[in-house]
Structure formats: structure tokens, C-alpha cells
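# Observations on the model geometry
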Amino acid sequence: MKKAHLPRKVCPVCERAFNWRKKWKNHWNEVKYCSKRCATRRNNIRINHQN
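This section reports on the structure supplied with the text. (Residues numbered from 1 in each chain as written. Predicted model: local features only at pLDDT ≥ 70, side-chain atom pairs only at ≥ 80, totals over all residues. Heavy atoms only, no water.)

## A few points about the overall build of the protein
Counting its secondary structure elements, the protein contains 1 helix and 2 strands. Taken from N to C terminus, the helices and strands of the protein fall in the order β-β-α. The proportion of buried residues among the 51 residues of the protein is 20%. Pairs at least 24 residues apart make up 13% of the contacts formed inside the protein by residues separated by at least 6 positions. In the structure as shown, the protein presents an accessible area of about 4,800 Å², 47% of it carried by carbon and sulfur atoms. (Helix = DSSP H or I, 4+ residues; strand = E, 2+ residues; numbered from the N terminus. Buried < 20%, exposed > 50% of the residue type's maximum accessible area, 1.4 Å probe, protein only. Contact = heavy atoms within 4.5 Å. Areas by Shrake-Rupley, 256 points an atom, 1.4 Å probe, with all protein chains shown as cover.)

## A few points about the environment of Cys34
Along the chain, Cys34 falls in the loop between strand 2 (17–19) and helix 1 (36–50). Using a relative accessible area of 15% as the deciding quantity, one classes Cys34 as buried. Taking C-alpha positions, Cys34 is 6.0 Å from Phe18, a pair spaced 16 residues apart along the chain. If sequence neighbours within four positions are ignored, Cys34 has contacts with Cys11, Cys14, Phe18, Arg21 and Trp24.

## A closer look at the packing of aromatic side chains
Scanning all chains against the criterion turns up 3 aromatic pairs. With a centroid separation of 6.0 Å and 70° between ring planes, the pair formed by Phe18 and Trp28 is classed as edge-to-face. Taken together, the residues Phe18 in strand 2 and Trp28 in the loop between strand 2 and helix 1 connect sequence positions 10 residues apart. Both residues of the pair, Phe18 and Trp28, count as buried. A relative accessible area of 12% places Trp28 in the buried class. Ring pairing ties together the aromatic residues Phe18, Trp24 and Trp28, which thus form one cluster. (Phe/Tyr/Trp six-rings, centres within 6.5 Å; stacked < 30°, edge-to-face > 60°.)

Structural measurements only, silent on function.
Below, the structure is given as C-alpha cells:
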């Protein structure tokens with residue numbers, strides 16, 4: 001498959017689009033964040049929006 005045809009998602013934390021990666025092939029449907037950094041920052045953003 002060519003890179004232009006790979007599935008894409010948008011990270012809810014940084015709002016950037018990210019492409020499918022080989023390491024995610026078995027659980028792509030469960031991937032929500034583009035990186036570990038965004039996965040850990042999700043709690044901080046949720047707390048800041050509540051104040």
C-alpha cells in the first residue's frame with residue numbers, strides 16, 4: 001500500500017492528523033492518540049478545560 005492511501009486519524013489532544021503505522025496494525029481501531037506524549041497530556045487538557 002502506498003503512503004498516500006494509508007488510513008488517517010486526528011489526534012484529539014494536538015488536533016494533528018496522523019497516519020497508520022505498522023506497529024499499530026493489530027489494534028488500529030483502538031489507537032486514539034498520535035504519540036505517547038499526547039496520551040499522557042490528555043488528562044492535563046481535560047483538567048484545564050474544567051476550570
